[in-house]
There are 2 protein chains.
Amino acid sequence: MLAHCRGKGQTPGPVSQDPLPSDRPARTLADLARLAGVSTGTVSRALAGSSLVNPETRQRIQALAAAHDFRVNQMARRLRTQKTGVIGVVVPLGHERRQHLSDPFFMTILGHLADALTENGYDVMLSRIIPDAEDWLERIVDAGMLDGVLLIGQSDQMEAIERVARRYRPLVAWGSRVPGQIHCTVGTENVAGGRIAAEHLIARGVRRIAFLGEIRAPELRERYAGVCAAAAAAGLPVPLQLDTHLASDMMEQEIAAHLTRHLDRIDGIAAGSDMIAMTTLRVLADQGMAVPSDVPVIGYDDLPLGLQTVPRLTTVRQDIARGARAMVERLFARIAGQDAGPLVMPPELVVRDSA
Amino acid sequence: MLAHCRGKGQTPGPVSQDPLPSDRPARTLADLARLAGVSTGTVSRALAGSSLVNPETRQRIQALAAAHDFRVNQMARRLRTQKTGVIGVVVPLGHERRQHLSDPFFMTILGHLADALTENGYDVMLSRIIPDAEDWLERIVDAGMLDGVLLIGQSDQMEAIERVARRYRPLVAWGSRVPGQIHCTVGTENVAGGRIAAEHLIARGVRRIAFLGEIRAPELRERYAGVCAAAAAAGLPVPLQLDTHLASDMMEQEIAAHLTRHLDRIDGIAAGSDMIAMTTLRVLADQGMAVPSDVPVIGYDDLPLGLQTVPRLTTVRQDIARGARAMVERLFARIAGQDAGPLVMPPELVVRDSA
DNA sequence: TCTCCTATTGCAATCGATTGCAACAAGCCT
DNA sequence: AGGCTTGTTGCAATCGATTGCAATAGGAGA
């Protein structure tokens, strides 16, 4: 704005070198360059520690920068270099719109992701997305703000994810893998996990399993499929599937309603996640049922919180820390142009007290 | 790069209009401008819906943009407009370096903050900072990437925060407020909260209180002070203060060690946070102690998880949702140049089953 | 018919940093 | 002494979008 007037009617040539008011710290490379009596290019190189500038000059400029509390404008830097140093961590809430960021599974994996990313010098941009617009992922990916995207869960947005993954490489999702799928995933074998859970219940004498959790997202759908497979293999009836929304305030009532209605028809519960299992424990305690003697309950995830419940939660373990590391590794590989494949981890039964 | 060669030896004037290869979507305003046969300025205005462009042209350009999946480069836009649309949410871990992002209190407030910010069209940049460098906050604030900063907790970094707040307005912190403090805070009256907790224990017959939680950060220090005040007012001995680190893997052992050593000298526990209280419940159950009959336990925060414990947690409620909204409101006011003061909310006793 | 106004559009500066290339000096070699 | 290398530095284009101002065309009014 000021520059519009500056230099009006002056002789052509270098712009007038208005001395920087000493009370205001240097904000731009140009300020610093003026102060040091060199060009912005030299300042840029000096601050980057380039060996192209004379060591003396370099030190002088660095000292000057420190004295003036100078920090380069990342916006400009990133525009120029076309690298942002920012990774988007995105939670799509296609179904489950009311789910909150504070879902413990999500926060656990987010914590691990954030740790791994910051250790590598990347910033984390967090987005909790309700995909009402068709192109929600395109908007994120094409805004030019991110070097890569990590998706936590696939929700019911497989198509959108596939569409983007076809042309956008640095994208890794936590979730399940279906044959022919393009986008890179990290997750556990959910079918196997469901089977393990159900087999454990069956070995404990359960004959009529209920699966708690809604099955629109692929992960829980597969877990339920595994539960069904195990039941079928044991010659048991098809397990009952009961929807449970993840918004924590509704979950307790929903489960309570389910149980009062169906409790006479079931004798064991496989929960779609540890949070569902914990709430179930709570509801059963309220209804005067003993766990596991009256009704065994098994979870899925192995969140740290499962150690805090009474009784301690029997569950199917997903190695979330390893998964997070794997996601970040794969993302970096893809950013570097390499081709990183998916990781499907085996689930693992953790027997504690609830089943 | 290409442009270095382009136009060499050509007549001056408009740059050669190499037709855009139709297989590649339009990536820049210039691409689109070429396609539409107008200037980039017109495209920019058309996409912004400016009334300065002919309605027909505007529609044509918008259709073209949609057809080519065009999305403006946010980096460039933000550099030019000097607005980033990004708010930093920063967790300083000065003490408690091992604390994880997955701390439930942190995640709960983060969830509310993220909701409020995204509703207002802002993005969230998440930073978990271990303040080893003196100027950790300056680096964040001066990078030019953020329109404002929300701090979750003050850790032991009061000086650094004050220093920056003196010159950087759009900064709001969750935490406690001390007299003469410059930076804007939102939080609860921790001294009062501590007092309420202790008074409740004392009314239940407790005479020798232990406070679990380390007191280097101002919030817990004040809560402990409140506990001490209540004890003094009742003529009881000074409550025992026992350090407990927040890293969840260590907490259980630490508390167990504390309790085995001091359990004979105490008859009631005020925990510095709900997480500490929940772990204490777990440890007491393992040691065969009944809560509240043998040892009453009271928490602080009123996290949703407190409803899941057995017994349900008696606690001191902080209205985290309201606090998060207040933080965001104040931040926006400050971004707009107004002067928003602090908010100190009254804590509230929530009596459930653990005390 | 001429002037003036208005609705559109283009031009070019700007945000702030990076970087290829050119320019220049000093020192070395033959 | 002239040519060449080496070490430093400056110049200016560039990233991609925004926006004040100038320019143009067309229509209205006198």
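Calculation rules
Residues numbered from 1 in each chain as written. Chains lettered and ligands numbered in written order. Predicted model: local features only at pLDDT ≥ 70, side-chain atom pairs only at ≥ 80, totals over all residues. Heavy atoms only, no water. Salt bridge = Lys/Arg side-chain N within 4 Å of Asp/Glu carboxyl O. Helix = DSSP H or I, 4+ residues; strand = E, 2+ residues; numbered from the N terminus. Buried < 20%, exposed > 50% of the residue type's maximum accessible area, 1.4 Å probe, protein only. Pairing = 2+ DSSP bridges. Contact = heavy atoms within 4.5 Å. Axes fitted to C-alpha atoms, helices over the stretch in contact; angles between N-to-C directions. Phe/Tyr/Trp six-rings, centres within 6.5 Å; stacked < 30°, edge-to-face > 60°. Lys NZ or Arg CZ within 6 Å of the ring centre and 35° of its normal. Right-handed = clockwise from strand over helix to strand, strands pointing away.

A. Examining the pattern of salt bridges more closely. Inspection of every chain in the model, using the stated rule, returns 38 salt bridges over all chains. Ionic pairing is found between Asp-156 of chain A and Arg-216 of chain A, a salt bridge with its closest N-O pair at 3.6 Å. Taken as a pair, Asp-156 of chain A in the loop between strand E3 (148–152) and helix H7 (158–165) and Arg-216 of chain A in the loop between strand E6 (209–212) and helix H9 (218–233) lie far apart in primary sequence, 60 residues in all. Here Asp-156 of chain A falls in the partly exposed class, since its relative accessible area comes to 32%. Salt-bridge contacts for Asp-142 of chain B lead to Arg-167 of chain B; the nearest nitrogen and oxygen are separated by 2.9 Å. One end of the pair, Asp-142 of chain B, is in helix H6 (residues 136–142); the other, Arg-167 of chain B, is in the loop between helix H7 (158–165) and strand E4 (171–174), with 25 residues separating them in the sequence. Note on Arg-167 of chain B: relative accessible area 42%, which makes it partly exposed. Taken together, the shared-partner salt bridges connect Arg-71 of chain A together with Asp-135, Arg-139, Asp-142 and Arg-167 of chain B into one network.

B. View of the sheet that holds strand E9 (residues 297–298) of chain B. Residues and elements named next belong to chain B. Judged by pairing direction, the sheet is parallel, and its four strands sit side by side in the order E7-E6-E8-E9 without closing on themselves. Strands at the two margins of the open sheet, each flanked by one partner only, are strand E7 (240–242) and E9. Packed on one face of the sheet, helix H9 (residues 218–233) meets strand E6 (209–212), E7 and strand E8 (268–271) and runs near 175 degrees to E6.

C. Inspection of the sheet that holds E4 of chain B at higher detail. With mixed pairing, the twelve strands of this open sheet are ordered in space as E11(A)-E5(A)-E4(A)-E3(A)-E1(A)-E2(A)-E2(B)-E1(B)-E3(B)-E4(B)-E5(B)-E11(B). Every interior strand has two partners, whereas the edge strands, strand E11 (343–345) of chain A together with strand E11 (343–345) of chain B, have only one. Pairs of neighbouring strands in the sheet enclose a mean axial angle of 20 degrees, with direction left out of account. With three bridges connecting them, E4 of chain B and strand E5 (residues 184–188) of chain B associate as parallel partners. Among the inter-strand pairings, Trp-174 of chain B is bridged to a residue of E5 of chain B, identified as Val-186 of chain B.

D. Structural view of the packing of aromatic side chains. Within this structure, the stated rule accounts for six aromatic pairs over all chains. The cationic tip of Arg-223 of chain A hangs over the ring face of Tyr-300 of chain A; the distance from NZ or CZ to the ring centre is 3.8 Å.

E. View of the pairing of E4 of chain B. All names here are of chain B. Of the two faces of E4, the one carrying Leu-171 and Ala-173 and the one carrying Val-172 and Trp-174 are both buried. For strand E3 (residues 148–152) and E4, the ladder comprises four bridges, and the chain directions are parallel. Among the inter-strand pairings, Ile-152 is bridged to a residue of E4, identified as Trp-174. You can see the chain leave E3, run along H7 and come back into E4, and the turn it takes is right-handed.

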